[in-house]
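# Tertiary structure, described
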Amino acid sequence: MDRALKIGILEGDDIGLEVVPEAIKVMRAAAQKAGLPMEWFPMPIGRKALDQLGYTLPPGTLEKLDTLDGWVLGPIGHQAYPRDRPNAINPHPILRKHYDLFANIRPAKSLPGLPALYKDVDLVIVRENNEGFPPDRNTYLGNGEFRPTPEMTISIRLVTREGSRKVARAAFELARTRPRKKVTAVHKDTVFKLGCGMFAEECRKVAQDYPDVTLDEVMVDTFGMKLVMRPQQFDVVVTTNTFGDILSDVAAGLVGGLGLAPALSAGPERAMAQATHGSAPDIAGRNIANPYAMIMSGQMLFAWLGHKHGEPRAVEAAEVMARAMENVIQAGRALTPDLGGKATTVAMGDAVAAEVVKLAP
Ligand code: ATP
């Protein structure tokens, strides 16, 4: 790449205001270490933008993002937005749909040195991101939940061949880069014969293009049990939206909790780093949120951009971030309270950034 990588910084709400700056701090240090030229673009979003500019997604945001390679988005606390302000919308679905961020990639990996239910988990859940049950994702306009009578609610779920095919392909591509080369498709086509049936059919078709990767299928209820009892058997897991949402939180719980669950939403052209966790208003403003998930979401963005643009320095920046984080965790230094330590959010970010600088080139 003969130009600087352009990344947006959208802090989001609540602990987003605390963890995103730490992610950017570490990303800046890693880019510098790898000699990767960068341009950063802080952009207002969420409650702060509503208070300052009158919009949670200010006009011009998409036009600006169009000019960028990717961005870091903090969690959005839309539940607390004032209901009586029409401009207080949840910006997240708009970004996801506008940029066709169809694959939500959520790794769950045991980290040596941290208390967790399992010490040897290394799986990635690839969740379809723009369809499924969530009512903001299953219609073009409006909301996909209906209440025909006060006593009855109908929720619709969207599954398309194209959406299923795209997320399946993303899972197989990922599996190909991993040693075990295994994809598990999670669904329940025995009951949801059309919706899950279509998803499963597309997974099987895509599998034919990847003879080096094995495909296995597990019903979602059985998978829930297997995930809790023997998560080590899974490598890459591909599933529909709501199943993936639930199962990825379970997977995070197996390896130490939501503070350790990074994620990337990826599309054909751009990707968005956004941790699995929400805005955690219960701990916001106290400088105790774990920045790991947000920092490692930024790490995933660097890796994705490096592969997408054939930019080895971005891949190197991602590797440097991963190594630095591993060192800090293994040494038990600067751990936040959810990991059993006493460090602040800023202290953990500082420690990882300092470790990046210290690493041998
Ligand atoms: P959403 O529906 O937006 O995903 P949620 O309802 O799942 O949000 P979170 O905001 O993710 O809720 O918080 C769930 C719990 O996990 C809370 O107790 C919160 O404090 C904790 N938590 C979430 N993120 C972190 C973090 N980075 N560090 C420490 N604790 C966290």
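Keep in mind it's a predicted model, so treat the numbers as computed, not measured. (Residues numbered from 1 in each chain as written. Predicted model: local features only at pLDDT ≥ 70, side-chain atom pairs only at ≥ 80, totals over all residues. Heavy atoms only, no water.)

## Digging into the overall build of the protein chain
Definition in use: Numbering of helices and strands starts at the N terminus; helices are DSSP runs of H or I of at least 4 residues and strands are runs of E of at least 2. Note on classification: 1.4 Å probe, protein chains only; a residue is buried when its accessible area is under 20% of the maximum for its type, exposed when over 50%, partly exposed between these limits. By definition, residues are in contact when any of their heavy atoms lie within 4.5 Å. Surface accessibility follows the Shrake-Rupley procedure with a 1.4 Å probe radius. Residue values consider only the protein chains on display as shielding. Neither His nor the chain ends is counted toward charge; the positive residues are Lys and Arg and the negative residues Asp and Glu. All charge positions are set by atom: Lys at NZ, Arg at CZ, Asp at CG, Glu at CD.
A tally of regular secondary structure across the protein chain gives 11 helices and 12 strands. Residues counted as buried form 53% of the 361 residues belonging to the protein chain. Long-range pairs, those at least 24 residues apart, make up 75% of the contacts in the protein chain with a sequence separation of at least 6. If you sum the accessible surface of the protein chain, you get close to 15600 Å²; carbon and sulfur atoms cover 56% of it. Both charge centroids of the protein chain, one from 42 positive and one from 42 negative side chains, sit 2 Å from each other.

## So, the pairing of strand S9 (residues 214–219)
Let me state the cut-off plainly: Only strands joined by at least two bridges in the DSSP assignment are considered to pair. Orient the strands so they point away from the viewer, and a crossover whose first-strand-to-second-strand path over the helix runs clockwise is right-handed.
Where strand S8 (residues 182–187) lies against S9, 6 bridges are found, and the strand directions are parallel. Across the sheet, alanine 185 pairs through a bridge with glutamate 217, a residue of S9. Assessed by its sense of winding, the connection that carries the chain from S8 through helix H6 (residues 195–207) to S9 is right-handed.

## With respect to the nonpolar core
Condition: Take the buried Ala, Val, Leu, Ile, Met, Phe, Trp, Tyr and Cys residues and link them wherever side-chain atoms come within 4.5 Å; each set so joined is a nonpolar core. Boundaries between domains were set according to an automatic or database domain assignment.
Grouped together as the largest cluster of nonpolar side chains are 75 residues, with contacts concentrated most on Ile7, Met27, Val72, Leu301 and Phe302. Taken domain by domain, this core gets at least three of its residues from each of domain 1 (1–102 + 261–361) and domain 2 (117–255). Those residues within four positions of leucine 301 in sequence are excluded, and the remaining contacts are Ile7, Met27, Gly70, Trp71, Val72, Leu264, Ala271 and Ala273.

## Points about the packing of aromatic side chains
Stated precisely, the cut-off is as follows: Stacked, tilted and edge-to-face are the three classes applied to pairs of Phe, Tyr and Trp rings, where Trp contributes its six-membered ring and a pair requires centres within 6.5 Å; stacked means planes under 30 degrees apart, edge-to-face means over 60, and tilted covers the rest. Two limits define a charge over a ring: the Lys NZ or Arg CZ must be within 6 Å of the ring centre, and within 35 degrees of the ring normal.
In total, this model carries 3 aromatic pairs according to the counting rule given. Measuring from centroid to centroid gives 4.6 Å for phenylalanine 223 and phenylalanine 234, while their planes differ by 50°, and the two rings are tilted. With a gap of 11 residues between them, phenylalanine 223 in helix H7 (residues 220–229) and phenylalanine 234 in the loop between H7 and strand S10 (236–239) connect regions that are remote in the sequence. As far as burial versus exposure is concerned, phenylalanine 223 and phenylalanine 234 are alike and both buried. Taking the ring centre of phenylalanine 192 as reference, the NZ or CZ of arginine 157 above it sits at 5.6 Å.

## A look at the domain arrangement of the protein chain
So the rule is basically this: Note: buried area is the sum, over both parts, of the accessible area (probe 1.4 Å) each one loses when the two are combined. A side-chain nitrogen of Lys or Arg and a carboxyl oxygen of Asp or Glu constitute a salt bridge if their distance falls within 4 Å. Throughout this description, a polar contact denotes any pair of N or O atoms lying within 3.5 Å of each other; where both atoms belong to protein, one of them has to be capable of donating a hydrogen while the other can accept it, and for residues adjacent in sequence the pair is counted only when both atoms sit in side chains. Asp, Glu, Lys and Arg are counted as charged, while Ala, Val, Leu, Ile, Met, Phe, Trp, Tyr, Cys and Pro are counted as nonpolar; the rest, among them Gly, fall into the polar class.
The assigned domain composition of the protein chain is domain 1 (1–102 + 261–361) and domain 2 (117–255). Centre-to-centre separation of domain 1 and domain 2, based on C-alpha positions: 25 Å. Buried surface at the junction of domain 1 and domain 2, summed over both partners, amounts to about 930 Å²; 42% is from carbon and sulfur atoms. Among the residues of domain 1 in contact with domain 2, Arg96, Lys97 and Phe102 are the three that bury the most area, contributing 67% of the side total. The interface formed by domain 1 and domain 2 contains 2 salt bridges. One salt bridge in this structure joins aspartate 136 and arginine 96, with 3.8 Å as the shortest N-O distance. Where domain 1 meets domain 2, there are 8 residue pairs in polar contact (both at pLDDT 80 or more). For the side of domain 1 that touches domain 2, the leading source of residues is helix H4 (residues 91–98), giving 3 residues. For the side of domain 1 that touches domain 2, a count of residues per class yields 4 nonpolar, 2 polar and 3 charged.

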